[in-house]
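Commentary on secondary and tertiary structure
Here is how the chains run, residue by residue.
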Amino acid sequence: MSGILMPKPDAATLARRAEIVADMRIIVPGEGVVDTVNEMRAFESDGLTAYRQLPMVVVLPETVAQVSRLLKYCNERNIRVVPRGSGTSLSGGALPLEDAVLLVMSRFNRILEIDYPNRTVTAQPGVTNLGITTAVEQDGFYYAPDPSSQIACSIGGNVAENSGGVHCLKYGLTANNVLGIEMVLMNGEVVRLGGKHLDAEGYDLLGIMTGSEGLLGVVTEVTVRILQKPETARALLIGFPTSEEGGQCVADIIGAGIIPGGMEMMDGPAIRAAEDFVQAGYPLDVEALLIVELDGPAVEVDHLIGLVEAIANRNGATTCRISQSEQERLTFWAGRKAAFPAVGRISPDYYCMDGTIPRKELPRVLAGMRELSEHYGLGVANVFHAGDGNLHPLILYDANKPGELEKAEEFGADILRLCVQVGGVLTGEHGVGVEKRDLMPEMFNDIDLDQQMRVKCAFDPNHLLNPGKVFPQLRRCAELGRMHVHRGQVAFPDIPRF
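Rules behind the numbers
- Residues numbered from 1 in each chain as written.
- Predicted model: local features only at pLDDT ≥ 70, side-chain atom pairs only at ≥ 80, totals over all residues.
- Heavy atoms only, no water.
- Helix = DSSP H or I, 4+ residues; strand = E, 2+ residues; numbered from the N terminus.
- Core = buried A, V, L, I, M, F, W, Y, C linked by side-chain atoms within 4.5 Å.
- Buried < 20%, exposed > 50% of the residue type's maximum accessible area, 1.4 Å probe, protein only.
- Contact = heavy atoms within 4.5 Å.
- 1 Å grid on protein atoms, 1.4 Å probe; cavity = no way out; pocket = protein on both sides within 12 Å on 5 of 7 lines; lining within 4 Å.
- Points joined across faces, edges and corners; volume = space filled by probe spheres on them.
- pLDDT = per-residue confidence, 0-100.
- Salt bridge = Lys/Arg side-chain N within 4 Å of Asp/Glu carboxyl O.
- Expected span 1.5 Å × (residues − 1).
- Arc of directions from axis to C-beta.
- Pairing = 2+ DSSP bridges.
- Axes fitted to C-alpha atoms, helices over the stretch in contact; angles between N-to-C directions.
- Phe/Tyr/Trp six-rings, centres within 6.5 Å; stacked < 30°, edge-to-face > 60°.
- Parallel < 35°, antiparallel > 145°, perpendicular 65-115°, else oblique.
- Left-handed = near helix turned anticlockwise from the far one by under 90°.
- Nonpolar A, V, L, I, M, F, W, Y, C, P; charged D, E, K, R; others polar.

A few words now on the environment of Gln53. Relative to the helices and strands, Gln53 is located in the loop between helix H3 (37-40) and strand E2 (57-59). Sequence-wise, Gln53 and Gly424 are 371 residues apart; in three dimensions their C-alpha atoms are separated by 32 Å.

On to the nonpolar core, then. Counting residues in hydrophobic clusters, the biggest one holds 98 residues, and the most contacted among them are Ile181, Ile238, Ile253, Leu290, Val292 and Leu294. Ranked by residues supplied to this core, first place goes to helix H15 (residues 404-421) with 9 residues. Apart from residues no more than four positions distant in its own chain, Leu294 is found in contact with Thr232, Ala233, Arg234, Leu236, Ile258, Pro260, Gly261, Val301, Leu304, Ile305 and Val308. Within the second largest apolar cluster, 25 residues are counted, among which are Val21, Val28, Val67 and Leu464.

What follows concerns empty space enclosed by the protein. In this structure the tally under the stated criterion is 2 cavities of 30 Å³ or more. Its boundaries defined by the atoms lining it, the second largest cavity holds a volume of some 30 Å³. If you go around the second largest cavity, the residues you meet are Gly165, Val166, Cys168, Leu169, Met263, Glu264, His385, Gly387 and Asp388. For the lining of the second largest cavity, the secondary structure elements donating two or more residues are helix H7 (168-171) and strand E13 (262-267).

Looking at the protein, the pLDDT average stands at 92 and 94% of residues meet or exceed 70. Scored below 50 in pLDDT, residues 482-488 shows 7 contacts in the model against residues more than four places distant or in partner chains.

This part covers the pattern of salt bridges. All told, the structure shown has 27 salt bridges when counted by the stated rule. The partner of Arg234 in a salt bridge is Asp302, and the shortest N-O contact between them spans 2.9 Å. Separated by 68 residues along the polypeptide, Arg234 in strand E12 (residues 232-240) and Asp302 in helix H11 (residues 298-314) bring together distant segments of the chain. Notably, a salt bridge pairs Glu435 with Lys436, separated by 2.7 Å at the nearest N-O pair. Given a relative accessible area of 8%, Glu435 falls into the buried group. Overall, the relative accessible area of 0% leaves Lys436 in the buried class.

The next subject is helix H9 (residues 243-255). Taking 1.5 Å of rise per residue, the 13 residues of H9 would be expected to cover 18 Å, and the 18 Å separating its terminal C-alpha atoms lies within 8% of that figure. Those residues of H9 that fall on the buried side of the exposure criterion are Ser243, Gly246, Gly247, Cys249, Val250, Ile253 and Ile254. End-on, the buried residues of H9 take up no more than an arc of 155°, which puts them together on one face. Buried residues in H9 make contact with H7, E12, E13, strand E14 (288-296), H11 and helix H14 (362-376). Just downstream of H9, Gly257 is the residue with a positive phi angle, here 85°.

We now examine the sheet that holds strand E4 (residues 100-104). By way of backbone hydrogen bonds, the strands of a sheet pair with one another, either parallel or antiparallel. Reading across the sheet, the 4 strands line up as E1-E2-E4-E3 and stay open at both edges, with mixed pairing between neighbours. Each having just a single partner strand, strand E1 (33-34) and strand E3 (80-84) make up the two edges of the open sheet. The pairing of E2 with E4 spans 3 bridges and is parallel. Bridge pairing in E4 links Val57 to Val101. With respect to the sheet, helix H4 (residues 64-76) is in contact with E2, E3 and E4, its orientation differing from that of E4 by roughly 165°.

What follows deals with the packing of aromatic side chains. Within a pair of aromatic rings, the relevant descriptors are the distance that separates the centres and the angle that separates the planes. All chains considered together, the criterion is met by 3 aromatic pairs. Centre to centre, the rings of Tyr116 and Phe141 are 5.1 Å apart; their planes meet at 35°, and the pair counts as tilted. Of the two residues, Tyr116 sits in the loop between strand E5 (111-115) and strand E6 (120-123) while Phe141 sits in strand E7 (residues 141-142), which places them 25 residues apart along the sequence. On the accessibility criterion, Tyr116 (26% relative accessible area) is partly exposed. For the ring pair Tyr376 and Phe411, a centre distance of 5.4 Å and an interplane angle of 15° mean the geometry is stacked. Separated by 35 residues along the polypeptide, Tyr376 in helix H14 and Phe411 in helix H15 bring together distant segments of the chain.

The subject of this paragraph is the packing of helix H2 (residues 17-27) against H4. The geometry of H2 relative to H4 is characterised by a closest axis approach of 10 Å and an angle of 155° between their N-to-C directions. Put simply, H2 runs roughly antiparallel to H4. Handedness of the crossing formed by H2 with H4: right-handed. Of the residues in H4, those touching H2 at Glu19, Ile20, Asp23, Met24, Ile26 and Ile27 are Gln66, Arg69, Leu70, Tyr73 and Cys74. Residue classes in the contact of H2 with H4 are distributed as 7 nonpolar, 1 polar and 3 charged.

Structure follows, in structure tokens:
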């Protein structure tokens, strides 16, 4: 698995594999346990396919009681558990462990309640993101966060990663649209956080769980807010000679007090790949393409279109198309939504990164990425949520060429370091997982990381849930606040560290 180190497998657990598998079949009868090598291959990686590892066993429960019994069983026997949704994670968050139960929630796939008076939908975690919108769109409603993988990604996985999407600039990420969850703790306890009400008293535990990447508990039910579709939605397709001019246009639009429903940007390589794949009518003689969607009452949308067009012209736009129909608006977005698979057609492999920067730093970071591309000798195609500064550079490489994957990883790490240097963060929506785990010290010092680990310890004191993810080295709850090196000797030398 390249240079990524994971916790050393527990020999005692592996020695009991047959017994554990038999017990899993008692907890989850029928076809809910997968333990043969060939069948488990389907679960050996998530969307970050550069890293693969077979689990000890795959378990697909159907009821909350089964999840509770499974976690309690594993907690009592010191068995690691890796939760998994649809497996679309791009950070290795659902990467299995050799000695762990892979807990797959895909059979939790029912919508439990649609409540229009309260404008909420309550769903099981295996329901797809798009499935929520599909369930309510006939009545004029939709679910706002819309990751590019929304046709496949699960709402439970969205909660784990705090997923975003093209319309999150105006309507918020998952954290801004989840009202309540039911979850099971590692000891088997079932708890509820939040509900249909807007806010709750006490600590914001729902906020802690959203984006917790499977380290704190297993979500078994999600209540989200749904929105009424806007009266009007129109999009502008704006081309620029350079990415810097496009980036400055983004900053100027937000600076003018305009908050579009979505604002996305692609650079030259991504534009050409998407157009070849989808034929959306993108201009091929530009190096930056901005898609700006404005929604609301028709008169407001018409007014804002004029303002945005003027700002674009001041920033050197060479082309500007305004959607004249709903079909044309959807066509504008079709290329952007298909950008990832489109880039897959022009390169044997690509490495999709995720970092977030202040909007004003877009021109500087784009220039920096070009310099890094030349330094590493690898191409890069940029597709990103320009409005909130969430970058998605796609590093192009060939895994069949020795050393290219390692070069791509180093290139990606330098991009993330650049994001932090300009005041940004390591991730906007993909999560840390294993991909960014060892870069956490670029953003947090030991005190910061210890404080985060204390939260982990409160939920999972034995570190059995998704170990090896997020935190750059294995810390134990007992070590926090008193680990030091004395005369070259590390305290608790028997505890494994990586």
